[in-house]
Amino acid sequence: MLDSSLTRRSFFKIAAATAGATLVASEAASTLLESSNPAYADAADDVKVIHSTCRGCGKMECGNLVTVRNGRVVHIEGDHRAVASRGNLCVKGRAAVQALYHPDRIRYPLIRTTPKGQDPKWRRVSHDEAIKYMADGLNSVIEKYGQHAIKTLHGTGRITTYATEAYPTYLLQTANTGSPAGVICKGPRLSAAAMICFPGAHWCNLIDGQKVNFQWGTNQEVSNYDNSCRVTVDEHVKAETTICVGPRMQNLGKEADIWLDLRPGTDDAIALGLLHQCVFNSNCHPDMMFVKKWTNAPFLYCEDIEPSGWTWAGWGDPEGKQEMGSYPLNVRTRILKESDLVEGGDVRKMAYWDTKSNSLQFFDTKKCLWQGQTEYQYPDRDKDCVEYKGGILAKDPGFPVDIDPALEGSFEVELKDGRKVKAEPVWEMFKRHLKPWDENHTSEITGVAPEKIVAAAEAYCEEPGKGGIVFNLPLEHAGNSIQTSMLPLMLSALMNNIDSPGGQRGCENMFFTMDTFFQYHIPWANNTLDPVEQAKVVGGDRFPLTPWFQMVGGAALYHDPISAAEAILYDDPYPIRGMLSNSGQHFNSGNAWQNWQAFESLDFYGGWELWHSPTIELADVVLPAAHFLEVSVLRYTQGGEGAIGAQVQCVKRQGEASWDSADICGELSKEMGYEYWPTQNKPLPVWPDKWMKPWPTEKDMLDMSVLPMNPDLPFPISVPAPDGTQLHVKDWDDYVAQYQEHSQWNLKEISPFGYYYRFQWGHFRPRNAEDQNAPFVPGFNTPTGKFELLSTLLESYHGKNTKWQEAPGSYNGIPGYREPVESPFSAPELYKEYPIILTSGRRNPLYFHNEGRQQPWLRELTPCPSFQIHPDTAAELGIEQGDWCWIESKRGKIRECADLFYGIRPGTIECDHQWWYPELSAPKHGWDLSNVNVLVNMDHESQDPICGTCNCRAYLVKVYKATPENSPFGNPCPCDDDGTEIIHTATDPRLKEWLPTYEYEVV
Amino acid sequence: MTQYTIVTDLNRCVSCLNCMVACKEANDVPIGNFWIKILRVGPNPKFEGAEYPDVEMYYLPVSCQHCKNPSCVEVCPTGASHKTENGTIQVDKDKCIGCQFCVMACPYGVRYLNEEQGVVEKCTRCYQKTQEGELPACVVSCGGRARWFGDMDKGWDDFRGSLDANGEPLRLTDEDYIKPFTDADVHSLPDSGNHPSDRFILRNRVWR
């Protein structure tokens, strides 16, 4: 068995002899050798190693090498050359073959034959019939109820497309678009960062190394989100100091030097506590030049004036433009403007006090010029810059004019009506806001020992430039997502870690708006929906910034799922009667039961899926989606590592699976009677007509995605790297061929990502696309052109006396703390009955949210859901290791298995999320048995007041042992409606039935 | 002499479980059988009487320890389980009768009956790879670069791990990846006279 007749050398010979094969050093050339098929050693075999990109999880772009033998994927491994992932390939990526060839994949179009809520008894139909059915269904809803009666339900973009996300907006013209999952993951971080600096700022670059590795509510080492496990561990080990924030001891958190073990839902409080230290502790040394020059801290604020402002980010205006386009906002601020002081003064000129001239001066927020400044200042390449890890690192040359804006003090100014009033720099207000948050107060709220708060702050703030802060979902889930997501960015900014080496370098969203060098969405990322219609998005009355967040794009392209469910169930504020879904689920955002009942009542629901997941069992028609190993597409790192590559189709699509972007959306549009897909709008006015194909083929789309890299363009689109280097490709095939040779490209080598601190160079603000001579404007793409410590948008829409809810705990637009709505302090009566604080979302390396439960290699390692509980708390409740327990909130109850864990705060539990049981029957597949979203709140009060994130963590539950007496079928183990148990052991024979089948293979 | 050994830097192991799945793939291990397992050790109180958050934890990958004095070889009635020249323990499937005496004798619970074939299986150190000069699947796939393979009789210099950007295996002696450790930081699983060969590096923590 162990003897091999084929040596490594002969393997390579075989591979080399294969036409089109690409060879790279491989971790496991011999993996093929012990394949159960003895025919392997046949020299006539066609063996290729294809250099591609994994899509086993949501967005980390691990380069991979896919071995294909005779048209079949036989092995996947990490690509050691990939700059962003360093050879990492997690279990999800490795087990992808078990998804590709899974016997239960949806491979043919299906139409339901039974009423919704029952087993759909799917009937296989032809592709054309399914498309027609879907087109008719959508059209009839639009005809009857109007364009906004359709909503999308988008998963994590896993079929390598965002077409579905944008398709309804640009073609059907509904405002209820995007990925509702985005509102609980990344969307708030993108939105919050877009408000104060740039979208995606929460993403850190780790591959350039960090002095302090600061992991806040992350589990990147097992989630690979959005830095790979290998890079995370590498850089954690290399860092001088490591800080981990979270209520439970995490996988890599076990190695942290400082663990801030906060009470769930108090991330905002600990952030304010750290900011307090940063500003008031004499051992902390924030970068005051950054604060003065690049933030709005010096601008003078006056409580005694009425807020005034202007319309920002209007259509067609490059200023304020985001990835998907523009949506006009009314900026209303009490920051003093020239227009407050003199008749006919400019509303865009904001006042600061210059201590050198001892006079009031103005910063022009539209042109981003200080008073007296006439030309833009860029660092001097010779004097100010050094090369650092392949990038250009400039020290700040200081102010371009001879000024020193005051951060402190109070200044009397005369308004244009003659009133004399006091005004003070925003910095004074910022300090006043932080003042109460000393270590003792912060400790009282968060439960973290005061000395640890001080130690963490002193380690991170000892000097500027120690690296960015990696922060993830927990900050978004306790009902204060936008404000909480702003606070770590502010801490990082004060320490000059915005776009620094190892800092908040952001993501792909930047590249669209600023210095486009490729187009991922071509030509979809170009909103065609009128702002008046955009404003009709459900929840827009409560969360008025939603339409603008939708322009931010990425995961911020969302609508409020709770409002959407109400629109479906109660026609409030208008009926939503149709839904289009791309692998979306009902149990991630909002309450699962409310969503289930809503989706069940829809007039029409069509979607595409890989699996018979519970939600799609409510659909009228489902089309089979292609697996990522069956689709080519351009790929870039979502996180801050800065790499691009390609996902290359490795095998032919099975059954009638389609790539939704090219096939389904196009055919659906034609069938619905539209004259074009995807849009008639040109991304740029100079775009030649010949590129605007009304019905692009798949190849057309792929060619268009790399068009900006074409060397023969009649006009330049791409902005090169600092040394002038650009990536040139003729077409998609050329791009793939170059990728096979090169592996991932580091954006530093081919784009302005090669500049650190891009705000110094003008690569953080959009540029007039029609004027190739337009200057690059240093600063940020915010209303003030600054990194905003006082968010003028927060002030304008959720400040004092606006039409909408005031941001809780905020101070005139400076973000603040909100106690979770269900906590021992905010709801003491409820706490008596529900005495446990629930947190959720811990990452299991095997599963990407609801995925992987039917892949044997994954499910056998964690067959059933578990929750972590402190042994003392468990003992009080009579719970032992492995007991099935009921976890019950005011909204519902589920069962998970107890895992006694000394690393979690007593009185707190951490529940697995997103469970369902593919082995149980349609339509529910057991989602209601263990899915944590059964428990979550659907009250508007519990939502984030700014963007509507539902309250997914830090709420109250009770926990008790499941017994034969209190469990259906007398069985504490969750069961199907007929009493069949779920799979709960690795030896369950049903797991083997899920091993690959090659019955549907197309060779 | 040769003693093929796997050393795991437990401070780098984050329980990403890559080793478990890579092993499955490389060795076609039946569903429900595990030639390597990751155990969570703790969290335990850092010191007597310590409470949350003063706890510590590590993960422990456990596979066949390729003992110097293996109980499984001793009890095997047919000679199927045997020690090879490179110090590894292998099962000759032609000789194995599936009696599972070895499964019971093994102090670490890492042997499994392959029900289809009626023979006992376990970690081979990816014999099919190592004989070709490659690294075992659990070593090269390790997400945290925690696992290292080499000949213990040649010393630490011989140990190689995951690949660098040029496709060359990293060395255990590279301090960029392996922080300094002392002899006191090097541990093995409990030894009941069978002398396990695997080693585990654990710094700043109590080995339990």
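Scroll up to find the structure this text is about.
Residues numbered from 1 in each chain as written. Chains lettered and ligands numbered in written order. Predicted model: local features only at pLDDT ≥ 70, side-chain atom pairs only at ≥ 80, totals over all residues. Heavy atoms only, no water.

(A) Highlighting the packing of helix 9 (residues 267-280) of chain A against helix 14 (residues 450-460) of chain A. Residues and elements named next belong to chain A. Close contact between helix 9 and helix 14 brings their axes to 9 Å; oriented N to C, the two are set at 60°. As far as their axial angle goes, helix 14 and helix 9 are oblique. At the point where helix 9 passes helix 14, the crossing takes the right-handed sense. Across the interface between the two elements, Ile270, Gly273, Leu274 and Gln277 from helix 9 touch Ile453, Val454, Ala456 and Ala457 from helix 14. A per-class count over the contact of helix 9 with helix 14 returns six nonpolar, two polar and no charged. (Axes fitted to C-alpha atoms, helices over the stretch in contact; angles between N-to-C directions. Helix = DSSP H or I, 4+ residues; strand = E, 2+ residues; numbered from the N terminus. Parallel < 35°, antiparallel > 145°, perpendicular 65-115°, else oblique. Left-handed = near helix turned anticlockwise from the far one by under 90°. Contact = heavy atoms within 4.5 Å. Nonpolar A, V, L, I, M, F, W, Y, C, P; charged D, E, K, R; others polar.)

(B) Quick peek at the pairing of strand 1 (residues 47-53) of chain A. Residues and elements named next belong to chain A. For strand 1, the tally of buried residues reaches six of seven residues, placing the bulk of the element in the interior. Relative to strand 2 (residues 63-69), strand 1 runs antiparallel, the two sharing seven bridges. For Val49, the partnering residue across the bridge sits in strand 2 and is Thr67. (Buried < 20%, exposed > 50% of the residue type's maximum accessible area, 1.4 Å probe, protein only. Pairing = 2+ DSSP bridges.)

(C) Region of the structure containing the nonpolar core. Residue and element names in this part refer to chain A. Val73, Trp548, Tyr735 and Phe787 are the most contacted members of the largest nonpolar core, which totals 228 residues. If near-sequence neighbours (up to four positions away) are discounted, Phe787 is found in contact with Ile196, Cys197, Phe290, Trp294, Thr295, Asn296, Leu489, Met490, Ala493, Ile498 and Phe780. Leu153, Tyr605, Ala619 and Trp927 belong to the second-largest nonpolar core, a separate cluster that totals 44 residues. (Core = buried A, V, L, I, M, F, W, Y, C linked by side-chain atoms within 4.5 Å.)

(D) Geometry of the sheet that holds strand 6 (residues 150-154) of chain A. All names here are of chain A. With respect to topology, six strands assemble into an open sheet ordered 5-4-22-21-20-6, the strand pairing being mixed. A single partner strand is all that each edge strand has here, and the edge strands are strand 5 (123-124) and strand 6. In this structure, strand 6 lies alongside strand 20 (residues 578-582), joined through five bridges in parallel fashion. For Thr152, the partnering residue across the bridge sits in strand 20 and is Leu580.

(E) The arrangement of the packing of helix 9 of chain A against helix 12 (residues 426-434) of chain A in detail. All names here are of chain A. Viewed as axis vectors pointing N to C, helix 9 and helix 12 meet at an angle of 125°, and their least axial separation amounts to 9 Å. By the criterion of interaxial angle, the relationship of helix 9 to helix 12 is oblique. Here helix 9 and helix 12 pass one another in a crossing that is left-handed. Packed against helix 9, whose contacting residues are Leu272, Leu275, His276, Val279 and Phe280, the element helix 12 presents Trp427, Phe430, Lys431, His433 and Leu434 at the interface. Taken together, the residues of the contact of helix 9 with helix 12 sort by class into seven nonpolar, two polar and one charged.

(F) Examining helix 4 (residues 127-145) of chain A more closely. Residue and element names in this part refer to chain A. Counted at 1.5 Å a residue, the expected span for helix 4 with its 19 residues is 27 Å, and the 27 Å between its end C-alpha atoms agrees. The set of residues buried in helix 4 consists of His127, Ala130, Ile131, Met134, Ala135, Gly137, Leu138 and Val141. Buried residues of helix 4 fall within an arc of 160° about the axis and therefore sit on the same side. The outward face of helix 4, more than 90 degrees from its buried face, is lined by the exposed residues Asp128, Glu143 and Lys144. The inward-facing, buried residues of helix 4 contact strand 6, strand 20, strand 21 (604-609), strand 22 (621-624) and helix 21 (660-672). Immediately downstream of helix 4, the backbone of Gly146 shows phi near 95°, a positive value. (Expected span 1.5 Å × (residues − 1). Arc of directions from axis to C-beta.)

(G) Layout of the packing of aromatic side chains. In the structure shown here, the tally under the stated rule is 40 aromatic pairs over all chains. Judged by centre distance (5.8 Å) and plane angle (10°), the rings of Tyr58 of chain B and Trp207 of chain B are stacked. Note that Tyr58 of chain B is positioned in strand 3 (residues 55-63) and Trp207 of chain B in the segment after strand 12 (199-201), a separation of 149 residues in sequence. Judged by relative accessible area, Tyr58 of chain B falls into the buried class, the value being 1%. You can call Trp207 of chain B partly exposed: its relative accessible area is 22%. Aromatic ring contacts, followed pair by pair, group Phe198, Phe290, Trp294, Tyr757, Phe759, Phe764, Phe780 and Phe787 of chain A into a single cluster. The side chain of Arg767 of chain A reaches across the aromatic face of Phe776 of chain A, ending 4.1 Å from its centre. The ring of Trp886 of chain A carries the charged tip of Lys893 of chain A above its face, separated from the ring centre by 4.5 Å. (Phe/Tyr/Trp six-rings, centres within 6.5 Å; stacked < 30°, edge-to-face > 60°. Lys NZ or Arg CZ within 6 Å of the ring centre and 35° of its normal.)

Bear in mind that shape data such as this cannot, by itself, settle questions of function.
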